Amino acid sequence: MTVKGALFDFSGTLFRIESTESWLRTVLERSRTVLPEEEFVRYARALEDAGALPGGSAPLAVPPPLEEVWGVRDRSAESHRAAYTGLAREVPLPRPEFYDALYDRHMEPAAWRPYPDAAEVLGELRRRGVRIAVVSNIGWDLRPVFRAHGLDRLVDAYALSYEHGVQKPDPGLFQAACDALEVDPGDAVMVGDDQRADAGAAALGCRVHLVEHLPVDRRPDALRAILGLLPDAAATS
């Protein structure tokens, strides 16, 4: 297999969102709201169980009124916000403005950390002449996150679900990424953390490599294995 393009998922693959506790604490501190620690922990746990933090834990259960928007949450910015603020509103927070504030916080570059080996692996792929795209189910523009962490220079293209109106595992999003890179899907590898969503690339003939969606400090070097899988990468440096 000659690898000319590498497609990467965003959340859980190249970057990881902050913890639910950090997410909530940031919003509370900005509003100068002080809660007893026991109450804070209770709110954070309830938000995590609700799946209210995009990029965090999946909901334990999606409330019936949200099932429709949840199923298409990554097809538009409006659906994404409605789905996640809707889940957050299942938790009775002290002030109503916290729900939108929490959603806005998760889009900030400071809320995300790259995995320790992300820059190294992206840089080595580029050195080998492999073109790189980020393929993400998302409802907002993640490019500022890559710029803030110095990784945008290592990415050739972005295929974001809300910009195309289609979400993984639909092959259309992977095809859009390959088209942007000008590579044939058969010459590309998709790297992600979701067996259902990311493995959709296989329908086009892409090779698929999965990593575990773990906290940053618990997954220091999983992406490096990709370099060993690509002995045929074009060396055009």
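Residues numbered from 1 in each chain as written. Predicted model: local features only at pLDDT ≥ 70, side-chain atom pairs only at ≥ 80, totals over all residues. Heavy atoms only, no water.

Next up on the list: the packing of aromatic side chains. Inspection of the entire model under this criterion finds 8 aromatic pairs. Note on Phe10 and Phe146: the rings are 5.8 Å apart at their centroids and 40 degrees apart in plane angle, and the pair reads as tilted. Placement of Phe10 in the loop between strand S1 (5-8) and strand S2 (15-17) and of Phe146 in helix H7 (residues 143-148) is noted, with a sequence separation of 136 residues between them. Pair check on accessibility: Phe10 and Phe146 agree, each one buried. (Phe/Tyr/Trp six-rings, centres within 6.5 Å; stacked < 30°, edge-to-face > 60°. Helix = DSSP H or I, 4+ residues; strand = E, 2+ residues; numbered from the N terminus. Buried < 20%, exposed > 50% of the residue type's maximum accessible area, 1.4 Å probe, protein only.)

Domain annotation for the protein reports domain 1 (5-16 + 113-229) and domain 2 (18-111). If you average the C-alpha positions of domain 1 and of domain 2, the two centres end up 25 Å apart. On the side of domain 2, 15 residues touch domain 1, which itself brings 17 residues to the contact. Buried surface at the junction of domain 1 and domain 2, summed over both partners, amounts to about 1100 Å²; 50% is from carbon and sulfur atoms. Of all residues in domain 1, Gly139, Trp140 and Gln167 give up the largest surface area on contact with domain 2, accounting jointly for 45% of the area buried on that side. Scanning the region where domain 1 abuts domain 2 turns up 0 salt bridges. At 3 residues, H7 tops the list of elements feeding residues into the side of domain 1 that touches domain 2. (Domains from an automatic or database assignment. Contact = heavy atoms within 4.5 Å. Buried area = accessible area lost by both parts, 1.4 Å probe. Salt bridge = Lys/Arg side-chain N within 4 Å of Asp/Glu carboxyl O.)

In this model, helix H4 (residues 77-88) (12 residues) spans 17 Å end to end at C-alpha, consistent with the 16 Å of a helix rising 1.5 Å per residue. For H4, every residue scored as buried is listed here: Ser79, His80, Ala83, Tyr84, Thr85, Gly86, Leu87 and Ala88. Where H4 is buried, its residues contact helix H2 (37-50), helix H3 (67-71) and helix H5 (98-106). (Expected span 1.5 Å × (residues − 1).)

This paragraph deals with the packing of H4 against H5. Between two packed helices, what matters for the description is the angle formed by their axes and the separation of those axes. Here H4 crosses H5 at 125 degrees, and the two axes come no closer than 9 Å. Relative to H5, the element H4 lies oblique. Handedness of the crossing formed by H4 with H5: right-handed. Residues Ala77, His80, Arg81, Tyr84, Thr85 and Ala88 of H4 touch H5, and the partners they reach there are Tyr99, Asp100, Tyr103, Asp104 and His106. Tallied by class, residues from the contact of H4 with H5 come to 5 nonpolar, 3 polar and 3 charged. (Axes fitted to C-alpha atoms, helices over the stretch in contact; angles between N-to-C directions. Parallel < 35°, antiparallel > 145°, perpendicular 65-115°, else oblique. Left-handed = near helix turned anticlockwise from the far one by under 90°. Nonpolar A, V, L, I, M, F, W, Y, C, P; charged D, E, K, R; others polar.)

The strand order S5-S4-S1-S6-S7 describes an open sheet built from 5 strands, whose pairing is parallel. Each end of this open sheet is capped by a strand with a single partner; those strands are strand S5 (157-160) and strand S7 (207-210). The mean angle between the axes of side-by-side strands here comes to 20 degrees, regardless of whether they run parallel or antiparallel. Across 4 bridges, the pairing between strand S4 (residues 131-136) and S5 is parallel. By the bridge assignment for S5, Val134 is matched with Tyr158. Here helix H6 (residues 118-127) sits on the sheet and contacts S1 and S4; the angle it forms with S1, its principal contact strand, is near 160 degrees. In the packing of helix H9 (residues 171-181) onto the sheet, contacts are made with S1, S4, S5 and strand S6 (188-192), and the angle to S4 comes to roughly 155 degrees. (Pairing = 2+ DSSP bridges.)

Right, let's talk about the environment of Arg113 for a bit. Within the secondary structure layout, Arg113 lies in strand S3 (residues 112-114). Each C-alpha atom, one on Arg113 and one on Trp23, is 13 Å from the other, the two residues being 90 residues apart in sequence. Once residues within four sequence positions are removed from consideration, Arg113 is found in contact with Leu14, Phe15, Arg16 and Val216.

Looking now at the pattern of salt bridges. Close approach of charged atoms allows side chains with opposite charge to pair. What the rule picks out here adds up to 16 salt bridges. Among the salt bridges present, the one from Arg128 reaches Glu124, with a minimum N-O distance of 3.1 Å. Of the two residues examined, Arg128 and Glu124, each falls in the buried class. Across the pair Arg131 and Asp156 runs a salt bridge, and its minimum N-O distance is 3.9 Å. Of this pair, Arg131 sits in strand S4 while Asp156 sits in the loop between H7 and S5; the two residues are 25 residues apart in sequence, bridging distant segments of the chain. The exposure class of Arg131 is partly exposed, given its relative accessible area of 33%. Connected through shared salt-bridge partners, Glu18, Arg30, Arg105 and Glu108 make up one network.

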